[in-house]
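Tertiary structure, described
If you want the building blocks of each chain, they are given just below.
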Amino acid sequence: MKVGFLGGGQLAQMMAQAGQKLHIDSLIFNPDPNSCAARYGELICAEFDDTDAQDRFIGEADVITYEFENIPADLVAKIEQTKPMYPSAQALRTAQDRWNEKTTFEKLGIPTTQFRAIDSLDDLKQAVTEIGLPAVLKTRREGYDGKGQFVLKSSEQIEQAWQAVGQKPSILESFIQFQREVSVIAARSPRGELKFYPLAENIHREGILRLSISRDRDPLQAEAEQLIGKLLNELDYVGVLALELFDANGKLVANEMAPRVHNSGHWTIEGAHTSQFENHLRAVCDMPLGDTGLKQKAVMVNLIGMLPDKDKVAAIADATYHDYGKAVRPGRKVGHVTLVQKDCTDDEFKARVASMLQLVEEHEILARLDEVL
Ligand code: AMP
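Scoring rules and cut-offs
Residues numbered from 1 in each chain as written. Predicted model: local features only at pLDDT ≥ 70, side-chain atom pairs only at ≥ 80, totals over all residues. Heavy atoms only, no water. Helix = DSSP H or I, 4+ residues; strand = E, 2+ residues; numbered from the N terminus. Rg over C-alpha atoms; globule rule 2.2 N^0.38 Å. Buried < 20%, exposed > 50% of the residue type's maximum accessible area, 1.4 Å probe, protein only. Contact = heavy atoms within 4.5 Å. Areas by Shrake-Rupley, 256 points an atom, 1.4 Å probe, with all protein chains shown as cover. Lys, Arg positive; Asp, Glu negative; His and termini not counted. Charge placed at Lys NZ, Arg CZ, Asp CG, Glu CD. Polar contact = N/O pair within 3.5 Å; in protein donor to acceptor, adjacent residues only side chain to side chain. Near = heavy atom within 4 Å. Patch = residues over 30% accessible without salt bridge, like charges linked within 9 Å, V, L, I, M, F, W, Y side chains within 5 Å. Salt bridge = Lys/Arg side-chain N within 4 Å of Asp/Glu carboxyl O. Arc of directions from axis to C-beta. Pairing = 2+ DSSP bridges. Axes fitted to C-alpha atoms, helices over the stretch in contact; angles between N-to-C directions. Parallel < 35°, antiparallel > 145°, perpendicular 65-115°, else oblique. Nonpolar A, V, L, I, M, F, W, Y, C, P; charged D, E, K, R; others polar. Core = buried A, V, L, I, M, F, W, Y, C linked by side-chain atoms within 4.5 Å.

This part is about the overall build of the chain. A tally of regular secondary structure across the chain gives 14 helices and 17 strands. Relative to a compact globule of 373 residues, whose C-alpha radius of gyration would be 21 Å, the chain shows 20 Å and is just as compact. Dimensions of the chain, computed from the C-alpha atoms along their principal axes, are close to 55 × 55 × 40 Å. Classification of the 373 residues of the chain by burial places 56% in the buried group. Long-range contacts, defined as pairs at least 24 residues apart, comprise 60% of the intrachain contacts of the chain with a sequence gap of at least 6. In the form shown here, the chain has an accessible surface area of approximately 15600 Å², with 45% of it arising from carbon and sulfur atoms. Across the chain, the centroid of the 42 positively charged side chains sits 1 Å from that of the 56 negatively charged ones.

The next point concerns the side chain of Glu69. Inspection of the secondary structure puts Glu69 in the loop between β4 (63-66) and α3 (73-80). What makes Glu69 buried here is its relative accessible area of 15%. At a separation of 2.6 Å, a polar atom in the side chain of Glu69 contacts the side chain of Arg260. Look past the residues within four positions of Glu69 in its chain and what remains in contact with it is Leu92, Ala95, Gln96, Met257, Ala258, Pro259 and Arg260.

Moving on, we come to the site of the ligand. Every one of the 16 residues lining the ligand counts as a neighbour, but Lys138, Gln149, Glu173, Ile176 and Glu181 are closest to it. Here an oxygen atom of the ligand and a side-chain polar atom of Arg98 are 3.3 Å apart. His204 is positioned with one of its side-chain polar atoms (N or O) 3.4 Å from an oxygen atom of the ligand. Protein burial of the ligand: of its 480 Å² of free accessible surface, 91% is covered by the chains. Breaking the shell around the ligand down by element, the ones donating at least two residues are β6 (135-139), β8 (170-174), β13 (239-248) and β14 (251-258).

We now examine a negative patch on the surface. On the surface, a cluster of negative charge is contributed by Glu47, Asp49, Asp50 and Asp52. Summarising the element assignment, Asp50 is placed in the loop between β3 (42-44) and α2 (51-60). A relative accessible area of 31% places Asp50 in the partly exposed class.

Another aspect to go through is helix α5 (residues 98-107). Restricting attention to buried positions, one finds in α5 the residues Arg98, Glu101, Lys102, Thr104 and Phe105. The arc that holds every buried residue of α5, seen down its axis, measures 160 degrees, which confines them to one face. The exposed residues of α5 that point more than 90 degrees off its buried face are Glu106 and Lys107. Its side-chain oxygen 2.8 Å from the backbone nitrogen of Trp99, Asp97 forms the N-cap of α5. Gly109 occupies a position one or two residues after α5 and carries a positive phi of about 70 degrees.

This part covers the sheet that holds strand β1 (residues 2-6). Strand order in the open sheet formed by 4 strands is β3-β2-β1-β4, and the pairing between neighbours is parallel. Every interior strand has two partners, whereas the edge strands, β3 and β4, have only one. The sheet shows a mean angle of 25 degrees between the axes of neighbouring strands, direction not considered.

Looking now at unusual backbone geometry. With an omega of -10 degrees, the peptide bond between Tyr86 and Pro87 qualifies as cis. Mapping Pro87 onto the fold places it in the loop between α3 and α4 (89-96). The peptide bond linking Leu133 to Pro134 adopts the cis configuration, its omega dihedral lying at 0 degrees. Even without glycine at this site, Asp286 takes up a positive phi of about 55 degrees. Secondary-structure assignment places Asp286 in the loop between α10 (276-284) and β15 (298-304). Residue classification places Asp286 among the partly exposed residues on the basis of a relative accessible area of 34%.

On to the packing of helix α1 (residues 10-21) against α10. Following both chains from N to C, one finds α1 and α10 inclined at 75 degrees, their axes separated by 8 Å at the closest point. Regarding the angle of α1 to α10, the classification is roughly perpendicular. For the pair formed by α1 and α10, the contact residues are Leu11, Met14, Met15, Ala18, Gly19 and Lys21 on the first element and Phe277, Glu278, His280 and Leu281 on the second. Residues belonging to the contact of α1 with α10 are distributed by class as follows: 6 nonpolar, 2 polar and 2 charged.

What follows concerns the environment of Tyr144. Residue position: Tyr144 is located in the loop between β6 and β7 (149-152). You can call Tyr144 partly exposed: its relative accessible area is 46%.

Right, let's get into the nonpolar core. Of all hydrophobic cores here, the largest spans 43 residues; its most connected members are Leu6, Leu243 and Leu245. For this core, the leading source of residues is helix α8 (residues 221-234), giving 5 residues. Core analysis: the second largest hydrophobic core is formed by 34 residues, Met14, Ala18, Ala37 and Trp267 among them.

Here is the structure:
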């Protein structure tokens, strides 16, 4: 079996690594010659609109998937005509545009923020009067990790916000006063088999995920499964899907979905019986899905713009270092470390997580570790 990946970053890399265990070969289509996934498969290095490269890729792969949303939906639609291609172009189009995403949530009765479409400064002024402040202005397309976003606190900031998002088609969302951010990840296969991972609790700083904590029997697990289940069925979805949610006074409010493996599921490599990467491959290859149950409590710490000393991480018990092999640049995700709680007390585990947070200089999160762990 040869799986083709559109995109060659760390998500494709971890899927290709998982594929080795399943005797799956990986074919990576990526414009960047320094694709970090290429070490684990064969690389077709070309622009996505290069039709010769497309034809070679489609011809050689048995099944095709993608690792991120910012790939051309038309290419996914073209591939669908000839080869199994999962998740579908419809799922991709829903997730690529925040307006499509929010209207899908609304149609399915998935609670979400109030929102308005913004195509001009006048639209924004009008929407602020309707939704109120604070509110968040987000570009409809291509925003990630807090990029293309502006939190509006006062009406004096309206023009500044419109400039900050580059005057691009956007949506204005009401600002949610949440207690926690959680995500639910699920896998669905073409035969309709469905499995859910335990929720992850996610800690962000400056719009970027810093820490994910696996939750054991979270009180909101069943509600989260019900919400993501609606999306999986509506989209006749195949593969792994992630849904990011706010916990606002014990009620879940959907923020966004990702039609792919997700950063808040990296902990599943060490913490779950079957990782999200393996289950995505199992799903797209129409194999039985693996057990998504929690094997051991896990905390994932993102490595952003820096790689801590490997010996210092190795000195922390049951910590696994994942270095994506990417050039280090400020704000760039270059790796992660997962700590699992094996044969140690809660206090010992907390001390290990604290050591790790010190190595990545996450002092703010460290100061509130008692709240989050
Ligand atoms: P996003 O790119 O939509 O995932 O947003 C990045 C982060 O910004 C989220 O993880 C939240 O921490 C914060 N955020 C986004 N939208 C809202 C909102 N409507 N209300 C409050 N915080 C938000």
